[in-house]
Amino acid sequence: MSDFDKYSTPLSSRYASEEMSSLFSSRNRFSTWRKLWLNLAIAEKELGLTVITNEAIEQLKEHLHISDEEIIAASKQEAIVRHDVMAHVHTFGETCPAAAGIIHLGATSCFVTDNADLIFLRDAYDIIIPKLANVIDRLAKFALEYKDLPVLGWTHFQPAQLTTLGKRVTLWIQELLWDLRNFVRARNDIGFRGVKGTTGTQASFLSLFHGDHEKVEALDKRVAELLGFDIVYPVTGQTYSRKVDIDVLAPLSSFAATAHKMATDIRLLANLKEIEEPFEKSQIGSSAMAYKRNPMRCERVCSLARHLGTLFSDAVQTASVQWFERTLDDSAIRRISLPSAFLTADILLTTLSNISSGLVVYPKVIERRIKSELPFMATENIIMAMVEEGVSRQEVHEAIRVLSHQAAAVVKEEGKDNDLIERVKNDEFFKPVWNKLDMLLDPSTFVGRAPQQVEKFINNDVADALAPFQEKINDAVVNLSV
Ligand SMILES: *[C@@H]1O[C@H](CO)[C@@H](O)[C@H](O)[C@H]1NC(C)=O
């Protein structure tokens, strides 16, 4: 069977970035186990276990990166012993004979499997956090560029009042800022399962150190420190609590909702022909309808975002059914949901980055739509202006009501443009404000504080939130693999 004869997940075969794919690869998994074994040996030696020689440590250090041959050898061994961790202990020992007798000393499988998972979760956040900062930065620039451009606002997806394009984009950005805060919090809350033994009591290590409790505690802390963790969970069963997985996945699922909402807005705007996602010269929209320019990137975002949104519930379900010190019914589902969640989040961010730096705006279409709706919105202003000229508010209101209904009939029944302003101009009653109509109909007077809100939000809130990531923010083109 070649690769073409097997199912492979589109997350890695089609969409994911190389760095995220390789983080969750077999090679990185097994190499990380090796790193854990090495650091366990280093710490045990530091704390006085003389059976661990310098030569053993040197050999382990030299072979942290597992080779293809070793992965194959370990999987052959696994077929015999039916235990992946023991198969890798064996293979590592063959490569490092001076260390063969002390690899995994005092540990249980979860020492490598669980601690490695926590390292992957932390490192995966370190990949996506700067990507999210980048998306926010790109959208912030776009929002500033269009802070003054009036657009028709929608409530119930029915024409409402005006806002500006930049202001609309700040609504997306604010949600992304919350996602950034959630990502960073979740990342910094990830602790280390540490050196805890089979049921979490550290019994094997207590006997290894002849009853010296302080050394056992020191070992737990030292290995965590060597792996770059400030937090070690103070108590664990055999595994770290699966509630940690809930807290790690929750921000990703919440971010999925942000991505879905934003991509949907862009899809609706594409239908209105006001905004389009980037479209390449050679891109084909439809195999039959050659004129089509489908918002396929945003559709992909929505599709994957729904998947990511549901992964949170995998973690909730799995944490709820853990029995006592552990069960193994968490294993298979975690192999799928944890990598999927980060691969999917990574793809969403790459795609959003590509979209947000290439959005195409059609100001004439936007203006045309405003012109067809604005006359109705302007009626309040016309009434006010008439009152200032000494006319009774009730009389003006009635006159406007009659003309508005006539204009609405022209639009809906005859399919023609809104002619309310023409009617006002032809009605002597409105003569006192004829010379003010242009001013009363200037769209920029309908956007309230939108431009000021955008400026303040981007220059204060967004700038503060992005400050820690400045070095990682850039304008590089983000290519999509397909
Ligand atoms: C988006 O991705 C496409 C396809 O890889 C690429 O041609 C284009 O330059 C990218 N656009 C941006 C703005 O990153």
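These figures come from a predicted structure and were not determined experimentally.

Draft legend 1. Inspection of the overall build of the protein at higher detail. What the protein contains, in helices and strands, is 19 helices and four strands. Expected size for 482 residues packed as a compact globule is a radius of gyration near 23 Å; at 31 Å, the protein overshoots this value by more than 25%. In terms of overall dimensions, the protein has a C-alpha envelope of 105 × 50 × 40 Å along the principal axes. The buried share of the protein, taken over its 482 residues, is 48%. Counted over contacts in the protein with a minimum sequence separation of 6, partners at least 24 positions apart contribute 79%. Counting every atom, the protein has about 24,400 Å² of accessible surface; 53% of that belongs to carbon and sulfur. Computing the positive centroid from 54 side-chain charges and the negative centroid from 65, the protein places the two 3 Å apart.

Draft legend 2. Molecular detail of the pairing of strand β2 (residues 158–164). With five bridges joining them, strand β1 (residues 150–155) and β2 adopt antiparallel strand pairing. Following the sheet pairing, Leu152 is matched in β2 by Leu162.

Draft legend 3. Just the UniProt feature "domain: Adenylosuccinate lyase C-terminal" (unreviewed entry) in the protein, in detail. Mapped onto this numbering, the UniProt entry annotates "domain: Adenylosuccinate lyase C-terminal" (unreviewed entry) at residues 374–458. Between the C-alpha atoms that bound residues 374–458 the distance is 28 Å, and the span itself is 66% helix and 0% strand.

Draft legend 4. Molecular detail of the packing of helix α7 (residues 109–145) against helix α8 (residues 165–189). One way to put it is that α7 packs onto α8 with a least axis distance of 9 Å and a crossing angle of 165°. When the axes of α7 and α8 are compared, the pair comes out roughly antiparallel. For the element pair α7 and α8, the recorded crossing hand is left-handed.

Draft legend 5. Representation of unusual backbone geometry. One non-glycine residue with positive phi stands out, namely His104, at about 75°. If you trace the backbone, His104 turns up in the loop between α6 (84–95) and α7. Here Lys273, not a glycine, exhibits a phi torsion of approximately 65°, which is positive. Relative to the elements of secondary structure, Lys273 occurs in the loop between α11 (243–271) and β3 (275–276).

Draft legend 6. Representation of a nonpolar patch on the surface in the model. Among the surface-exposed residues, Ile80, Val81 and Met86 lie close enough to one another that they form a single nonpolar patch of about 290 Å² accessible area. Checked against the element boundaries, Val81 lands in helix α5 (residues 68–81). Overall, Val81 belongs to the partly exposed group, its relative accessible area being 39%.

Draft legend 7. Geometry of the environment of Ile400. Tracing the backbone through its elements, the reader meets Ile400 in helix α16 (residues 393–414). Using a relative accessible area of 5% as the deciding quantity, one classes Ile400 as buried. The sequence separation of Ile400 and Ala315 amounts to 85 residues, and the corresponding C-alpha distance is 59 Å. Not counting the four nearest positions on each side in its chain, Ile400 is found in contact with Thr379, Ile382, Ile383 and Phe430.

Each value, and the rule that gives it
Residues numbered from 1 in each chain as written. Predicted model: local features only at pLDDT ≥ 70, side-chain atom pairs only at ≥ 80, totals over all residues. Heavy atoms only, no water. Helix = DSSP H or I, 4+ residues; strand = E, 2+ residues; numbered from the N terminus. Rg over C-alpha atoms; globule rule 2.2 N^0.38 Å. Buried < 20%, exposed > 50% of the residue type's maximum accessible area, 1.4 Å probe, protein only. Contact = heavy atoms within 4.5 Å. Areas by Shrake-Rupley, 256 points an atom, 1.4 Å probe, with all protein chains shown as cover. Lys, Arg positive; Asp, Glu negative; His and termini not counted. Charge placed at Lys NZ, Arg CZ, Asp CG, Glu CD. Pairing = 2+ DSSP bridges. UniProt positions renumbered as here; feature names shortened; annotations may be inferred. Axes fitted to C-alpha atoms, helices over the stretch in contact; angles between N-to-C directions. Parallel < 35°, antiparallel > 145°, perpendicular 65-115°, else oblique. Left-handed = near helix turned anticlockwise from the far one by under 90°. Patch = residues over 30% accessible without salt bridge, like charges linked within 9 Å, V, L, I, M, F, W, Y side chains within 5 Å. Salt bridge = Lys/Arg side-chain N within 4 Å of Asp/Glu carboxyl O.

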